[in-house]
Amino acid sequence: MSTDPINGGAAPRAARLVATIPAPLEPGSADAPVLLHRGGRRLVVQRADTVLAVLDTASGDVVRFPAPWPRDLGTVTVSPSGDVAVFAGLHAVRAVTASGATRWEVRHACWAGECPQLHEDFAEYADDRGEDGEHEYPDSGSAAFSADGKLLWAHVRGPLAGDGQDVETDEFWLVLDAADGRILGRAATGTVASGSFHTVHPDPAQMGLSVGEGEEGSPALWGRLDGGVLSVRKIDAETVLLGVSPSGRHLLATDVQQDALYLHAADSGAMLRDLDADGTVPPYPQGGRVYWDFDAAFTGETTVVAGTSGSDAGYGPGRHWLVDTDDMALRARISYPQPVHGPVQAAGEGAWYTVSEDRTAVLVWELAEEG
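The sections below set out a description of the structure shown in this document. (Residues numbered from 1 in each chain as written. Predicted model: local features only at pLDDT ≥ 70, side-chain atom pairs only at ≥ 80, totals over all residues. Heavy atoms only, no water.)

The number of helices and strands found in the protein chain is one helix and 28 strands. Counting only C-alpha atoms, the protein chain reaches 65 × 45 × 40 Å along its principal axes. Within the span of the protein chain, comprising 371 residues, buried residues form 53% of the whole. Restricting the contact set of the protein chain to residue pairs at least 6 apart, pairs at least 24 apart contribute 46%. Carbon and sulfur atoms make up 47% of the accessible area of the protein chain, which totals about 16000 Å². In the protein chain, 26 positive and 54 negative side-chain charges are present, and the distance between their average locations comes to 6 Å. (Helix = DSSP H or I, 4+ residues; strand = E, 2+ residues; numbered from the N terminus. Buried < 20%, exposed > 50% of the residue type's maximum accessible area, 1.4 Å probe, protein only. Contact = heavy atoms within 4.5 Å. Areas by Shrake-Rupley, 256 points an atom, 1.4 Å probe, with all protein chains shown as cover. Lys, Arg positive; Asp, Glu negative; His and termini not counted. Charge placed at Lys NZ, Arg CZ, Asp CG, Glu CD.)

Shown next, in the form of structure tokens:
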């Protein structure tokens, strides 16, 4: 048993490097790369202002999608097959092929402030983005493909194009046919978002949505599509979803202060167990409050790799921990064969990934065999 105080009395558990994947774009002109995993397939996705690059890790092929608007105006996701990109922007959710052709589009009310417009194109507000422009610092929604790629879930601002006068401005969660953009389910979220992101469930008819409302709160929602009816349940008002267990039975979350990890039942949303960072993870000497990162990865049905890299910053290397969700106990500190940076994110198949400090590579890890 290690007596090293930064291990928290837990013996280290070694990680093994599975792959080092070069990012497809130059880091100075693009966001950090993101690894998406669906059905055993891994895609490295990286966004710049004018292009989205998608690297298939199996073949090494890179597909480049022309971006319809700059990267700070919304979010993007990619189909599991890598052949369609969906941009969730200020005024529309747009599915785009690699040729740049629009496969389908769902237009909605503008996310920018009190803008009342149902824009038809980015060009309508492209020049309203300077100082004091209404579209300079807009809110945003998000979108995600279901696990099988047949559905597209999208969080948008209402009303939608085509809604009548009787539809009040609201935020909606939509379930769309990924092939043609038809709305298969729709429900009001009751949120006032500054941003959001989705958490994919193995069942295509289920999805998680974490909504950031600034000072107003951070509700975590769970959606289920059944017979054309989208039902939405609030898991908690101050919660951020971190992941879904491989079976889909359990959800991992943290609170907005990042004080604890919470294990929820997916079917009911009930909180089953929790693990406080304070009193479990030792602070660095001269360090401040220890708290969990906003990212984590299930490596098995009852094992999670979670980090405290945010609170460790400035005091020592960011630390990652193996957590047993059966009893929500810290089992080990993850020991790496080389320096790693930032939080952990799920890579599927029991693995997780980190991004190199210079953002030029994605590093995929798994637990090394013991003994």
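Further notes follow.
Pairing is antiparallel across the open sheet formed by four strands, whose spatial order is 10-11-12-13. In this open sheet, the two edge strands, each paired with only one partner strand, are strand 10 (142-145) and strand 13 (183-188). Taken over all neighbouring pairs, the strand axes of this sheet differ in orientation by 15° on average, direction set aside. Summarising the sheet, strand 11 (residues 151-157) and strand 12 (residues 171-177) pair through seven bridges and their orientation is antiparallel. When the bridges of strand 12 are listed, R157 appears paired with E171. (Pairing = 2+ DSSP bridges. Axes fitted to C-alpha atoms, helices over the stretch in contact; angles between N-to-C directions.)

In this section: the side chain of H198. Here H198 shows up in strand 14 (residues 195-200). Accessibility expressed as a relative area gives 13% for H198, which makes it buried. Only 3.0 Å separates the side chain of H198 from the side chain of S142, close enough to count as a polar contact. Side chain to side chain, H198 and W173 meet in a polar contact 3.1 Å long. Once residues lying within four places of it in the same chain are set aside, the contact partners of H198 are S142, A143, A144, W153, A154, H155, W173, M207, G208 and L209. (Polar contact = N/O pair within 3.5 Å; in protein donor to acceptor, adjacent residues only side chain to side chain.)

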